[in-house]
Amino acid sequence: MLTRLITCSLLVSLASQAAANCDVPASLVGKTMINVADPHYSPSNPNAGNLLRLKLDEGRYQLEVLGTEVVSSGDYVYRKYAHDLGQLVMQEVYQGEPVHYTLTLVCETGRRGTFVFSQQSGPIKPDIRQNTGRYTLSH
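Just so we're clear, the structure is a prediction, and the values are computed from it rather than from any experiment. (Residues numbered from 1 in each chain as written. Predicted model: local features only at pLDDT ≥ 70, side-chain atom pairs only at ≥ 80, totals over all residues. Heavy atoms only, no water.)

Caption draft 1: Local environment of the pattern of salt bridges. Tallying each qualifying case throughout the model produces 6 salt bridges. One salt bridge in this structure joins R53 and E64, with 3.2 Å as the shortest N-O distance. You can see R53 sitting in strand β2 (residues 51–56) and its partner E64 sitting in strand β3 (residues 60–65), a full 11 residues away along the chain. Among the ionic pairs, E108 bridges to R112, the shortest N-O distance being 3.4 Å. According to the relative accessible area criterion, E108 is partly exposed, its value standing at 29%. For R112, a relative accessible area of 39% gives the class partly exposed. Among the charged side chains, a salt-bridge network with shared partners connects R53, K55 and E64. (Salt bridge = Lys/Arg side-chain N within 4 Å of Asp/Glu carboxyl O. Helix = DSSP H or I, 4+ residues; strand = E, 2+ residues; numbered from the N terminus. Buried < 20%, exposed > 50% of the residue type's maximum accessible area, 1.4 Å probe, protein only.)

Caption draft 2: Broad picture of the nonpolar core. Ranked by size, the top nonpolar core spans 24 residues in total, and within it L88, L103 and L105 carry the most contacts. Taken together, the elements giving at least two residues each to this core come down to β1 (32–37), β2, β3, β4 (71–82), β5 (85–94), β6 (97–107), β7 (112–121) and β8 (129–138). The element best represented in this core is β6, accounting for 5 residues. Setting aside chain neighbours within four positions, we find L105 in contact with V24, M33, Y78, D84, L85, G86, L88, T114, F115 and Y135. (Core = buried A, V, L, I, M, F, W, Y, C linked by side-chain atoms within 4.5 Å. Contact = heavy atoms within 4.5 Å.)

Okay, structure coming up:
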């Protein structure tokens, strides 16, 4: 419950900082996203500070932790909730265990912005965790 309250408060704060002229995409099919998770927000997150490349197809994604051998893939659903707010709901199997997480996007421009990562389950501890970071979209 506290995690959801913190997430909602953070999203409201981020949305209020978003530029009035930005739009998150209506669809992410065919897009590539480069993300960097804030190393200070949640240093226990194993990907904090790393660059991640997320390639999105129709309902499927491939995630690479750049500079490492880590590559995973899974399914996603994307929803645009407002002109400046969208969310990916993602799931995969990693190291034989299911992983469920969301990536909530708040744009600054049509190509970049801030994200909130919230993981609900996974094999790497802590398995329930959050982080924030920056994203950049390309085609």
